[in-house]
Structure formats: structure tokens, C-alpha cells
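Okay, here's what each chain looks like letter by letter:
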Amino acid sequence: MSMFIGAIGCEPLQLRRVSLERSETLDVYRRNGGYEALKKVLDGMSPGAVIDEVKKSALRGRGGAGFPTGMKWSFVPKDSPKPKYVVCNADESEPGTFKDRYLMERDPHMLIEGMLIAAYALGSKATYIYTRGEYRYLINIMDAAIAEARAAGLVGEKIMGTDFACEVYTHTGAGAYICGEETALLSSLEGLRGHPRMKPPFPAVSGLYASPTVVNNVETLTAVPDIINMGGAAYQQLGTEKSGGTKLWSVSGHVKRPGVYELPMGYDDMEKFIMEDCQGIANGRQLKAVIPGGSSVYIMPAADIIGKDVRMDYEGIVTGGSMVGSGGFMVMDDTVDVFETTKNLTEFYKHESCGWCTPCREGTDWLVKVFKRIANGEGRPEDAQLLLDICDNIEGKSFCPLGDAASWPIQSAIKKFPDDFRKHLTPLVRQVEMTTA
Amino acid sequence: MSEQFTPNNPLPQGAKVPAEIARFSPAVEAEIDGHLAKYPAERRRSAILPLMFIVQRERGWLDKPGVAYLADRLGIRITDVWEVATFYSMLYTQPVGKYHIQICRTLSCKIMGAGEITEQCAKHLGIKSGETSADGRFTLSEVECLGSCGTAPMLQLGFDYHENLTPEKVDELLDRCQRDEYVFTVKVQ
């Protein structure tokens, strides 16, 4: 099966270079508009003006939380005597999400340029790209790109002959989903276990080494050069008022054409996206469900998508009953048992719970035990309520959002697919009796 | 008293130091210096994960001498190293096979046939998920999402991605490993 990578419904922006030959090289990047935004910034934009453009762009954090990027940047205190850090979150581990991987593989200089502009705006001289350990090949690609940029005077001292100096370093994770949470990422970057930290203080005030720090996702930072090139207002116009620009969707599962799709924010609508752009459901099957934003969001049944005009942006998908999240768009056909898929994801959260807080550590473990007992044919009618009760004791009560992320798939699956659960919740003996009666 | 302190760290009276501390070639030491240079001098502990991958590359896993080396080099206690080593799934606190086959088991891979791939690997190698072959060459693991959902099902062999798998492709790949003809593409460098 071939994977699609490109834009639908707009000119490709973040993906405009990914299909070029040797797109990972500085030469190809520069010949296709690369480092022009950095030049524009260094030629006379003040740090404040850069932040203003990002604010105007209505760019929202693409890692999953969707927090306005310009606002995040403006929280960094300008008068702090401490060093300031820009950290790129390339710990892409949300199930169903693989867009950052292709951005780094095929356009590493776009990330370097985005980081340099962010560093300029925030007064940072050292930046780190925290990449998940499994993406080792991307770390090697980034290291090569950084070396190339350094040789061309784009990283290090006197960047483009100006007084701006900034280092870009790669850093490796070692296999821990929790390190995608920004404070856990910072703990990990300091050489500790990846435990999340109390907020506030937020990283903008006290982050890496207790210094002001901005942590942004790869897709967020790689949007910055275009925002500077075209202006924040023009970038926002590509999307909607509250969700500016374009968004990458990682499409997987039972569609004929999985891939990385760049869509304008507010793309109309989800049904058309699945049935036409992704070429519909494979193997002549019917659509059963979609998890649109990585595993941590609510599952959507086909009935909430077909004929429902679900717009593909932050507000539109909330109206449709889920969230944009990381844009990890997982499509399931009618052969799928939602009980099984929910069990699979619950096992994921149990494995990835960092163990720091009790509700998440014990709760996810308990959830898996119940799921396994049900899967062994020992389901009881009251188990659906038991699962919901456990979720209720995790959601909003855990130290970081992992607890919520573990609860939401279960809550929505039981609500939207009660029959898939019900059929497992009768003791096996009775099921046999029922089918043979 | 457990062995917590190394020669480069402050030694309380009576504390024992490990009998053996790993040593590396000047080239590897220079590589390690390169990683340490990325972080502020008083924050060299930050380099622990990059350094652990180098120790694993050189020694196969985080054995006791390797862990003692890390503690010594980073100026931290041996417990601090174990604390980190036991948190992350890619850090090996016991030996693993030269060919570590890690099959993604999470949702997109699951619905695209990861189960069949795991079965094929298990059948081919005669070991179950979580086990290492008797000769120590192969380890089979099921792991969580590796960001290869659009090209599912997939497995990671060492650091190499193998995507859009079928049972036939798995057989071909494992045959190559068994003949020791497989060349790893991605390396810790």
C-alpha cells in the first residue's frame, strides 16, 4: 500500500518541499525559499515583532493541547537574568501520529530555521530538539542538517553575519510516551526519570534548569518560517479565525490511501476527507469509527461523521464530539470490535503510565485487569459501569493529562458503542447457551 | 554497604567502589565529550540518555561496569543511573539479542495485522514475545506505537524500521538475520 504525502484543499505549505529530491539538504532548502524568514527576522524585526506575527497567525500548538503559540511565547519574562531555552518536542509518541517524523526526515532545515526564529524572538542562545529514541535515524538526519547549517554560518556564532548567536542541539529520548508531556520532557532532558512536574510554575517561567523555557512541537516550530515569510495575518487566513493556517493529519487504519495530509484548518468536511481524499474504506468494507486526534481523544462513530458536516479544525471537531489533538486520524472499518480496540489502548496507557501519581498508576492497571477478565470470557453485566467508575476516579484526579487520556477513549467507547461492550459482558457459559438456544 | 560511589565522586568513609569500571577507546571518549559539551558544565547529568545509548552500543547492554562508568563520568551515584535506566523502555538492564525484533502492537498496527506478524516471528524463531532465543542472538518484543501507523504493520530491528509487513516479508527478513547477512542501517553515532 502506498502512502500519500501532500496537501488537499490548499497549496502545500509545510509539505511543499517533502517530495523534492534531496529535500533534506541545505542546498535544496535554500533554493526553495529556505532561511529567507530567518534573514527577514535578522534584517530588522524586533523580537517583539516576531512574537506579534505569531500571535496574529492564530497558530495553535500542534502537539495535542492546541494552546496558542504566540501567547505561550509571550509568557517568557523578558527581564529574566537567567538563560532562556527553546526546546522542540519531537517525542512524537501519540498512537496514530507520524507527521513530525516525515517533516524531520524530509525537511530538517525547516525545523532548524523555526527553532532559530523562536530563539531570536525569545532571547535564547541554546536550543534542544528532544527526539524519541526510536526515531534514531531522524536524530542522525538532524545532526547532519545542523552540521551543514553550522558550516554555512546559520548555526553558532554570528549567524548570517549578525550578532545573533544560537546553538541547536539534538537530544535523544529512550522510550517513554510520558516524555511528550512538556514538563516530563524537561525532567528527562535534565537526566532524570520522565516524571511530569507541578504547574505552575509553567516552563515559560521555570522550565529547563529552572530557566524560562518554551517547549513547542515540531509541526508548530516548522510553521514559523512561513508565518514570518507571508505575515501572520496571511497565514491565519489560510485557516479559520481561531485556528490559523494548515494542519497535518496522520491518516492510518482501514482507508485505501493512508498518509500525511496537509489540510487548511476548517476543511469541509470529515466525511469527504475520508471517502474522497483518503479514497474511502479499503476492502469494500463500511466505515465504523474514527479516532481523529491520536489515541487520547473521543472515538467518533460513523453516524456522527456521515452527513454531519464535521469541519476539520479545533472548534469543528469539538462540535462533532471529539478533538483535533495531535491529528492522528485512525480509521476503523466494520470488522473492528471497539471493545478490543479500547482494550488495546488501555494496555498502552497502563504501559506508559509513569507511576508518579496513584490514580493513573493504579487506575490504568486496574482497568487493564478488568479488560483482560472480560476478554477471558468472564465479563459481568456491571463491568461497563465498573470501567466508567474507575475512569471517573482517574480523570481530572491524576497529576498530568495522561490520566485523562486513558479515561476518555473508554468513556466515549462505552457511550458510543455500547453493543460492542455488551456482547462481552455476559459470562461465556451464558453466551454459549444464548447462541445454541 | 552497597556500591554507590565511584572514584570521581565524593567518597564517604568506608564506602566501597565497584570492582570494575568500563573503559572506552579515545574515539568513544571523544564522542562522549561531544555529548557532554551540549549541556551547561554543571548540568552534565543531562547527557545520561545519549551516553547510555553509547554504552549499550559498545557493551550490548547496561551491565554493571557500564553503569559504574556512567556514574563516574556524570558525577552521580550508581543508584541515580539505575533510577533512569529502569524508567525507559529502550534501556537494557539485562542482555538482549543482537537481533532485537520489536513489533508495534498499538491500535493502527493491531487493526492492520500486527498479531499475525508477531505470530510469524514467534513461529520462525521458536520463541514467544518477551523471550530471547537460547543462543542469545534473537529477542522478540511487542512494543508501543513507533510512529509508523500509515505503513502498518511494522517492526523495528535494532534502530531500523521495517514497514508494510507481510508474513512473507518477515520470513525473508528473519532468514537474513539467521544467516547473519542482515546489515543494520541506522546506528548510534
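In this text the structure is predicted, and so the values were computed from the model without any measurement.

(A) Here's a closer look at the interface of chain B and chain A. If you look at the interface, chain B gives 38 residues, while chain A gives 47 residues. Elements represented by at least two residues in the side of chain B that touches chain A include exactly helix H2 (48-59), helix H4 (78-85) and helix H5 (107-111) of chain B. The element that contributes the greatest number of residues to the side of chain B that touches chain A is H2(B), accounting for five residues. When the residues that make up the side of chain B that touches chain A are grouped by side-chain class, the tally is 21 nonpolar, 11 polar and six charged.

(B) Focus on the environment of Gly60(B). Topologically, Gly60(B) is positioned in the loop between H2 and helix H3 (64-74). Owing to 15 C-beta atoms within 10 Å, Gly60(B) belongs among the partly exposed residues under this scheme.

(C) Fine view of helix H15 (residues 383-394) of chain A. Residue and element names in this part refer to chain A. Compared with an ideal rise of 1.5 Å per residue, which puts 12 residues at 16 Å, H15 spans 17 Å between its outermost C-alpha atoms and is within 8% of the ideal. Taken residue by residue, H15 has Ala384, Leu387, Ile390, Cys391 and Ile394 as its buried positions. Down the axis, H15 shows its buried residues gathered within 125° of arc, on one side only. In H15, those exposed residues whose orientation departs by more than 90 degrees from the buried face are Gln385 and Asp389. On its buried face, H15 sits against helix H14 (358-378), helix H16 (402-416) and helix H17 (418-422). Just downstream of H15 lies Gly396, where phi reads positive at about 75°.

(D) Just the sheet that holds strand E6 (residues 246-253) of chain A, in detail. Residues and elements named next belong to chain A. Taken together, six strands build an open sheet; the order of strands is E1-E7-E6-E10-E8-E9 and the sheet is mixed. The open sheet has two edge strands with one neighbour each: strand E1 (4-7) and strand E9 (300-301). Across two bridges, strand E8 (residues 287-291) lies against E9 in antiparallel orientation. Within E9, the residue paired with Ala289 across the bridge is Pro301.

(E) Highlighting H14(A). Residue and element names in this part refer to chain A. Where H14 is concerned, the buried positions are Cys360, Gly363, Thr364, Leu367, Val370, Phe371 and Ile374. Taken end-on, H14 shows its buried residues confined to a sector of 125°, consistent with a single buried face. More than 90 degrees from the buried face of H14, the exposed residues found are Lys369 and Asn376. At its buried positions, H14 is contacted by helix H13 (338-352), H15 and H16.

(F) Quick look at the packing of H14(A) against H16(A). Residues and elements named next belong to chain A. Following both chains from N to C, one finds H14 and H16 inclined at 25°, their axes separated by 9 Å at the closest point. Taken together, the axes of H14 and H16 lie roughly parallel to each other. The two elements H14 and H16 meet at a crossing, and its hand is left-handed. Within the contact between the two elements, H14 uses Pro359, Cys360, Gly363, Thr364 and Leu367 and H16 uses Leu402, Gly403, Ala406 and Ile410. Here the residues of the contact of H14 with H16 are counted per class, giving six nonpolar, three polar and no charged.

(G) Representation of the packing of H13(A) against H16(A). Residue and element names in this part refer to chain A. Contact geometry of H13 with H16 gives a least axis separation of 10 Å together with a crossing angle of 170°. Viewed along their axes, H13 and H16 adopt a mutual orientation that is roughly antiparallel. The segment H13 lies against H16, with Val338, Thr342, Leu345, Thr346 and Tyr349 engaging Leu402, Ala405, Ala406, Pro409, Ile410 and Ala413.

What counts and how
- Residues numbered from 1 in each chain as written.
- Chains lettered and ligands numbered in written order.
- Predicted model: local features only at pLDDT ≥ 70, side-chain atom pairs only at ≥ 80, totals over all residues.
- Contact = placed C-beta atoms within 7 Å.
- Helix = DSSP H or I, 4+ residues; strand = E, 2+ residues; numbered from the N terminus.
- Nonpolar A, V, L, I, M, F, W, Y, C, P; charged D, E, K, R; others polar.
- Buried ≥ 20, exposed ≤ 12 C-beta atoms within 10 Å, placed from the backbone.
- Expected span 1.5 Å × (residues − 1).
- Arc of directions from axis to C-beta.
- Pairing = 2+ DSSP bridges.
- Axes fitted to C-alpha atoms, helices over the stretch in contact; angles between N-to-C directions.
- Parallel < 35°, antiparallel > 145°, perpendicular 65-115°, else oblique.
- Left-handed = near helix turned anticlockwise from the far one by under 90°.

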